[in-house]
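One-letter residues, chain by chain:
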Amino acid sequence: MRIHVADHPLIAHKLTVLRDRQTPSATFRQLVDELVTLLAYEATREVAVTETAINTPVAPTVGRKLSEPRPIVVPVLRAGLGMLEGMTRLLPTAEVGFLGMRRDDDTLEIETYANRLPDDLSGRQCYVLDPMLATGHTMVAATDYLFERGARDVTCVCVLAAPEGIETLEKAVGDRADVTVVVAAVDECLNDKSYIVPGLGDAGDRLYGIVD
Ligand SMILES: O=P(O)(O)OC[C@H]1O[C@H](OP(=O)(O)OP(=O)(O)O)[C@H](O)[C@@H]1O
Ligand SMILES: O=c1cc[nH]c(=O)[nH]1
Ligand SMILES: [Mg+2]
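About the criteria used
Residues numbered from 1 in each chain as written. Chains lettered and ligands numbered in written order. Predicted model: local features only at pLDDT ≥ 70, side-chain atom pairs only at ≥ 80, totals over all residues. Heavy atoms only, no water. UniProt positions renumbered as here; feature names shortened; annotations may be inferred. Helix = DSSP H or I, 4+ residues; strand = E, 2+ residues; numbered from the N terminus. Contact = heavy atoms within 4.5 Å. Buried < 20%, exposed > 50% of the residue type's maximum accessible area, 1.4 Å probe, protein only. Near = heavy atom within 4 Å. Polar contact = N/O pair within 3.5 Å; in protein donor to acceptor, adjacent residues only side chain to side chain. Areas by Shrake-Rupley, 256 points an atom, 1.4 Å probe, with all protein chains shown as cover. Expected span 1.5 Å × (residues − 1). Core = buried A, V, L, I, M, F, W, Y, C linked by side-chain atoms within 4.5 Å. Nonpolar A, V, L, I, M, F, W, Y, C, P; charged D, E, K, R; others polar.

With numbering aligned to this structure, UniProt lists the feature "domain: Phosphoribosyltransferase" (unreviewed entry) at residues 5-209. As annotated, residues 5-209 has a helix share of 32% and a strand share of 32%, and its two end C-alpha atoms lie 28 Å apart.

Quick look at the UniProt feature "binding site: 5-phospho-alpha-D-ribose 1-diphosphate" (unreviewed entry) in the protein now. This chain's UniProt record puts "binding site: 5-phospho-alpha-D-ribose 1-diphosphate" (unreviewed entry) on Arg78, Arg103, Asp130, Pro131, Met132, Leu133, Ala134, Thr135, Gly136, His137, Thr138 and Asp202. In contact with aspartate 130, not counting residues within four places along its chain, are Val76, Gly80, Met83, Thr138, Met139, Val157, Cys158 and Val159. Mapped onto the secondary structure, threonine 138 falls in helix α4 (residues 137-148). Classification of threonine 138 as buried rests on a relative accessible area of 17%. Non-local contacts of threonine 138, meaning those with residues more than four positions away in its chain, are made with Val76, Met101, Arg103, Ile110 and Asp130.

Glancing now at the site of ligand 1. The local shell around ligand 1 holds 16 residues, among which Arg103, Asp130, Ala134, Thr135 and Thr138 are the closest. Contact distances for ligand 1 include 2.7 Å between an oxygen atom and a backbone N or O atom of arginine 103. Between glycine 136 and ligand 1, the recorded distance is 2.9 Å, taken from a backbone N or O atom to an oxygen atom. Starting from 500 Å² of accessible surface for ligand 1 in isolation, the protein chains cover 93%.

Before going further, it helps to examine helix α2 (residues 25-43). Compared with an ideal rise of 1.5 Å per residue, which puts 19 residues at 27 Å, α2 spans 26 Å between its outermost C-alpha atoms and is within 8% of the ideal. Among all positions of α2, only Phe28, Leu31, Val32, Asp33, Leu35, Val36, Thr37, Leu39, Ala40 and Ala43 are buried. Summarising the contacts, the buried residues of α2 are in contact with α1 (9-19), α3 (84-90), β8 (125-129), β10 (153-161), β11 (178-186) and α6 (203-208).

On to the nonpolar core, then. Ranked by internal contacts, the top residues of the largest apolar core, which has 36 residues, are Leu15, Leu18, Val73, Met87, Val159, Leu160 and Leu200. Breaking this core down by element, the ones donating at least two residues are α1, α2, α3, β8, β10, β11 and α6. By residue number, the principal contributor to this core is α2, which donates eight residues. Here valine 73 is in contact with Leu84, Met87, Leu91, Ala94, Glu95, Val96, Gly97, Tyr127 and Leu129, once residues within four sequence places are set aside.

A separate point is unusual backbone geometry. Note the cis peptide between glutamate 68 and proline 69, where omega equals -5 degrees. If you trace the backbone, proline 69 turns up in the loop between β3 (60-66) and β4 (72-77). With an omega of 0 degrees, the peptide bond between valine 197 and proline 198 qualifies as cis. Note on placement: proline 198 falls in the loop between β13 (196-197) and α6. Residue leucine 108 is not a glycine yet carries a positive backbone phi of 65 degrees. The class of leucine 108 is buried, set by a relative accessible area of 17%. Within the chain, serine 194 stands out as a residue other than glycine whose phi angle is a positive 60 degrees. Considering the arrangement of structural elements, one finds serine 194 in the loop between β12 (189-190) and β13. The buried category is assigned to serine 194, whose relative accessible area is 11%.

The next point concerns the site of ligand 2. The environment of ligand 2 is formed by Arg103, Met132, Ala134, Ser194, Tyr195, Ile196, Gly201, Asp202 and Ala203. Isoleucine 196 is positioned such that a nitrogen or oxygen atom in its backbone is 2.8 Å from an oxygen atom of ligand 2. Note that an oxygen atom of ligand 2 is positioned 2.8 Å from one of the backbone N or O atoms of alanine 203. For ligand 2, whose free accessible area comes to 230 Å², the fraction covered by protein is 89%. Looking at the shell around ligand 2, its residues break down into five nonpolar, two polar and two charged.

Structural data, given as structure tokens:
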């Protein structure tokens, strides 16, 4: 498994405003969107392209276009939904699948309440969107759904990760697939409630408000 920490001053700036507890929801949503566009640029470095002959107004030339089969982007609801538009802006031909997952904050187990993915993902480049990789349980469950459908090329796009979550995901992936995690920052640790420290709090609540 490869980890790519997208180290860039603009990413650091946006991340700092996101982390600030005083940043209101509307600004938080806007910043997640902007941040994802920057992360998507890194995450799609190896997206498949095919040479294509075209004519410019001046001369014929050969360019490169996104290949078929189309990549698939999978936001993990709720919080991953805040990353969808920023990602598809850069990957306009992508297909979108959905996973709805919720971490039980007491048991840390994952409940999957929505699953809308193509049955066959073999040969497809998959991009999983979830801002927070904390214990890693959610990302392990999400990538398992993709592997079960034949995906072998998966990029996880996250805003923050904890070292514990990266380790758990790496163990779970093993040599089952080629997985890359692109993240704006790897934080210090998890606290006793398994929240990322210093983190940014509950990403879903900060994006969409609190729903019990
Ligand atoms: O790595 P983990 O320990 O599994 O935690 C990370 C998960 O927690 C958050 O979702 P949450 O369960 O709060 O759902 P939400 O997006 O609806 O708020 C976050 O968006 C991840 O999906
Ligand atoms: O820090 C954390 C951990 C899990 N989920 C979040 O939204 N934030
Ligand atoms: Mg949440």
